[in-house]
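So you can see what is in the structure, the chains are spelled out below.
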Amino acid sequence: MKQLLIILFSFLCIGAVSARKPIKTLLITGQNNHNWEVSHVVLKQILEESGRFAVDYAISPEKGADMSGFVLDFTPYQLVVLDYNGDAWPEETNRRFEEFVQNGGGVVVYHAADNAFPKWKAYNEICALGGWEGRNEDSGPYVYWQNDRLVKDSSAGQGGSHGKQHEYVLNRRDKDHPITKGLPLKWRHAKDELYDRMRGPGNIKDILYTAYSDPSTGGSGREEPLVFTVDYGKARIFHTMLGHAGPTPEENPAMQCTGFQVLLLRGAEWAATGKVTQKVPKDFPTETTTSLRSEYKEKGN
Ligand code: ZN
């Protein structure tokens with residue numbers, strides 16, 4: 001009996017440990033037309049404060065420097081978070097990243113990461129939509145929400161723009177995706193950019209949230225796809241265009257927004273595991289009220 005109890009206890013311990021084992025995550029950064037010095041620290045803080053992730057950085061050489069040594073090993077990781085928009089990676093890193101994704105690795109595409117590498121075909125398929133860096137009708141169609149569905153529009157023009165930063169309402173478009181399950185149909189995002197006129201291969205799998213890009217704030221007049229998953233073989237890819245980094249972690253409303261943080265955490269967990277085990281928090285924004293987590297963690301945590 002005593003032996004049985006010991007065996008049972010051991011099983012319970014192993015179970016408890018594996019349930020708490022953090023998701024090994026590689027965050028790639030080091031060059032960006034954005035404030036990556038703030039964003040990469042904040043992304044790690046959000047992910048690790050949740051207790052679900054352990055984040056390592058891959059920080060590239062600075063822009064214009066020799067990139068040949070930036071050869072990354074993805075094999076220890078379940079999840080890659082992309083916070084990079086800069087010089088080309090070495091071919092070997094590109095090849096390994098494609099292999100990681102094709103083998104079912106999880107990916108989070110964060111904000112301006114979808115500006116990167118306009119000529120790298122697989123990377124653009126991993127993002128589904130991108131902008132700037134010379135993108136145009138050759139990059140793929142514009143994709144936006146119209147008449148209750150995503151439409152692809154092959155008309156000519158630049159890919160990627162945004163009006164001035166402002167608060168706006170996100171509109172949920174999926175019915176029952178694990179990432180959005182229990183989240184509101186509408187919620188108010190803190191002050192952020194609203195990417196519009198994005199274009200690319202357009203291989204969106206599940207559109208999760210769109211927002212209206214109002215011409216009065218310099219927008220497109222379209223309902224823009226901002227949060228979605230990507231259809232790319234066995235991979236699970238979560239793409240959020242939200243979260244333009246501010247000048248400091250303290251002055252950073254788009255990333256302090258509870259909605260941004262909760263979607264990042266849920267999207268990251270889903271990308272890594274295919275499941276979302278997180279409860280919907282009480283401080284999630286409503287349609288009319290924004291909610292900030294200035295410390296980048298759930299209040300009371
Ligand atoms: Zn931005």
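Residues numbered from 1 in each chain as written. Predicted model: local features only at pLDDT ≥ 70, side-chain atom pairs only at ≥ 80, totals over all residues. Heavy atoms only, no water.

> Kindly report on the layout of surface pockets, identifying the contributing residues and their values.
What the second largest pocket holds in volume is close to 220 Å³. Around the second largest pocket, the lining residues are P118, K119, W120, K121, N124, G134, R135, N136, D138, S139, G200 and P201. Per-class residue counts for the lining of the second largest pocket are three nonpolar, five polar and four charged. (1 Å grid on protein atoms, 1.4 Å probe; cavity = no way out; pocket = protein on both sides within 12 Å on 5 of 7 lines; lining within 4 Å. Points joined across faces, edges and corners; volume = space filled by probe spheres on them. Nonpolar A, V, L, I, M, F, W, Y, C, P; charged D, E, K, R; others polar.)

> Before we move on, could you go through the environment of A268 and cite the residues and values that matter?
Relative to the assigned elements, A268 resides in helix 6 (residues 258-273). Sequence spacing of A268 and V80 is 188 residues, and the spatial spacing of their C-alpha atoms is 8.9 Å. In contact with A268, other than residues within four places in its own chain, are L47, F53, L79, V108 and F238. (Helix = DSSP H or I, 4+ residues; strand = E, 2+ residues; numbered from the N terminus. Contact = heavy atoms within 4.5 Å.)

> Help me get a handle on the pattern of salt bridges, residues and values and all.
Within this structure, the stated rule accounts for 15 salt bridges. For E48, the salt bridge identified is with K44, shortest N-O distance 3.3 Å. Here K44 and E48 lie together in helix 2 (residues 36-49), a separation of four residues that amounts to about one turn. Salt-bridge contacts for R222 lead to D153; the nearest nitrogen and oxygen are separated by 3.8 Å. One end of the pair, R222, is in the loop between strand 11 (204-212) and strand 12 (223-230); the other, D153, is in strand 6 (residues 149-153), with 69 residues separating them in the sequence. The two residues R222 and D153 agree in class, both being buried. (Salt bridge = Lys/Arg side-chain N within 4 Å of Asp/Glu carboxyl O. Buried < 20%, exposed > 50% of the residue type's maximum accessible area, 1.4 Å probe, protein only.)

> Describe the coordination of the zinc ion, naming the residues involved and giving the relevant values.
Protein coordination at the zinc ion comes from H34 (NE2), H111 (NE2), E193 (OE) and H244 (ND1), with a distance range of 2.0 to 2.1 Å. For the zinc ion, the four donor atoms are set out with angles of 91 to 153 degrees between them, so the coordination reads as irregular. Mapped onto the sequence, the residues coordinating the zinc ion show the spacing H-x76-H-x81-E-x50-H. Note that H34 is positioned in the loop between strand 1 (23-29) and helix 2 and E193 in the loop between strand 9 (186-192) and strand 10 (195-196), a separation of 159 residues in sequence. (Donors = N, O, S within 2.8 Å, 3.2 Å for Na, K, Ca; no water. Tetrahedral: all angles 85-135°; square planar, octahedral: opposite > 155°, others 65-115°.)

> Would you mind going over the nonpolar core in detail, with residue names and values included?
Grouped burial of nonpolar side chains is what soluble globular proteins tend to show. Judged by nonpolar contacts, the single largest core of 81 residues is most densely connected at I28, L82, W89, F97 and L226. Here F97 is in contact with F74, V80, L82, W89, V107, W120, Y123 and I126, once residues within four sequence places are set aside. (Core = buried A, V, L, I, M, F, W, Y, C linked by side-chain atoms within 4.5 Å.)

That is the geometry; function is a separate question.
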